[in-house]
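Understanding the architecture of this molecule
Each chain, written out:
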Amino acid sequence: MILYHGSNVEIDRIDLSKSNVGKDFGVGFYLTPNRDHALGQAQRKIEIFSFGVPSLTAFSFDEKELQNGELAVKVFDDYTLEWAEFVLMNRQSSSRIPLHEYDIVIGPVADDTVGYQIRRLLGQLITMEQFMKELKYPKEKSIQYFFGTEKSLKYLKKI
């Protein structure tokens, strides 16, 4: 399969030390099979950092490797309570130390208002079930692939 990473800079080599904390599945490298979503992310990074040009980097990934027994993989098939709790745990973290032991996590993208929804949940203004509903991506469901370890990165081949 082909996975895309959208950024404001060209990606020559994946460097996990440049990954941000407080992301849906933790500190790692994020990709999507949805080219348009990746381009949107590239544009969003330009708006956030006020520099760069939309850059799309494509990688090939053999999905059979998910069952090779060498990688710890977590798949969220849909927006579920388990997914919402996992996103909440990772979004609240300011640590670069992983909060889970997965090499690869696959699942839906959370809506960009996650921070606001977390504050509402922690302030007991919404329930966990409402939190989960609020995190659904507003357009169509977009899937993200998280590669969080050097071991997992070896399975990505830049195209």
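Scroll up for the structure.
Residues numbered from 1 in each chain as written. Predicted model: local features only at pLDDT ≥ 70, side-chain atom pairs only at ≥ 80, totals over all residues. Heavy atoms only, no water.

1. Section: the overall build of the chain
- When helices and strands are tallied, the chain shows five helices and seven strands.
- Going residue by residue from the N terminus, the α and β elements of the chain occur as β-β-α-β-β-α-β-α-α-β-α-β.
- Compactness check: the chain gives a C-alpha radius of gyration of 15 Å against a globular reference of 15 Å for 159 residues, within 12% of the reference.
- Structurally, the chain occupies a C-alpha span of about 45 × 40 × 30 Å along its principal axes.
- The long-range share in the chain, meaning contacts at least 24 apart out of those at least 6 apart in sequence, stands at 82%. (Helix = DSSP H or I, 4+ residues; strand = E, 2+ residues; numbered from the N terminus. Rg over C-alpha atoms; globule rule 2.2 N^0.38 Å. Contact = heavy atoms within 4.5 Å.)

2. Describing the environment of isoleucine 126
- Counting through the fold element by element, isoleucine 126 comes out in the loop between α3 (114-122) and α4 (128-134).
- Judged by its relative accessible area of 10%, isoleucine 126 is buried.
- Between the C-alpha atoms of isoleucine 126 and phenylalanine 25, which are 101 residues apart in sequence, the distance is 22 Å.
- Once residues lying within four places of it in the same chain are set aside, the contact partners of isoleucine 126 are Gln117, Arg120, Leu121 and Phe131. (Buried < 20%, exposed > 50% of the residue type's maximum accessible area, 1.4 Å probe, protein only.)

3. A look at the sheet that holds strand β4 (residues 73-75)
- The strand order across the open sheet built from four strands is β2-β6-β5-β4, with neighbouring strands paired in mixed fashion. This sheet does not close on itself; its edge strands, each paired only once, are β2 (29-31) and β4. When the angles between neighbouring strand axes are averaged without regard to direction, this sheet yields 15°.
- Taken together, the three bridges between β2 and strand β6 (residues 143-147) define a ladder with antiparallel strand orientation. Its bridge partner being in β6, tyrosine 30 is matched across the sheet by phenylalanine 146. (Pairing = 2+ DSSP bridges. Axes fitted to C-alpha atoms, helices over the stretch in contact; angles between N-to-C directions.)

4. What to know about the layout of surface pockets
- Taken as a whole, the largest pocket spans an internal volume of roughly 1,000 Å³.
- His5, Gly6, Asn20, Lys23 and Lys45 are the residues nearest the centre of the largest pocket, which is lined by 39 residues in total.
- Those elements that provide at least two residues to the lining of the largest pocket are β1 (2-7), β2, α1 (35-49), α3 and β6.
- Here the residues of the lining of the largest pocket are counted per class, giving 16 nonpolar, twelve polar and eleven charged.
- The computed volume of the second largest pocket comes to approximately 230 Å³. (1 Å grid on protein atoms, 1.4 Å probe; cavity = no way out; pocket = protein on both sides within 12 Å on 5 of 7 lines; lining within 4 Å. Points joined across faces, edges and corners; volume = space filled by probe spheres on them. Nonpolar A, V, L, I, M, F, W, Y, C, P; charged D, E, K, R; others polar.)

5. Here's the deal with the sheet that holds β1
- Here three strands make up an open sheet; going across it, the order is β1-β3-β7 and the pairing antiparallel. This sheet does not close on itself; its edge strands, each paired only once, are β1 and β7 (157-158).
- As defined by bridge partners, β1 adjoins strand β3 (residues 55-60) across six bridges and the pair is classed as antiparallel. Bridge pairing in β3 places isoleucine 2 opposite serine 60.
- The strands touched by α1 are β1 and β3; relative to β1, the strand with the most contacts, the crossing angle is about 15°.

6. Digging into the pattern of salt bridges
- This structure, assessed with the given rule, holds four salt bridges.
- Aspartate 24 serves as the salt-bridge partner of arginine 91, at 2.7 Å between the closest nitrogen and oxygen. Here arginine 91, found in helix α2 (residues 81-91), pairs with aspartate 24, found in the loop between β1 and β2; they are 67 residues apart in sequence, far enough to count as distant.
- What makes arginine 91 partly exposed here is its relative accessible area of 26%. (Salt bridge = Lys/Arg side-chain N within 4 Å of Asp/Glu carboxyl O.)

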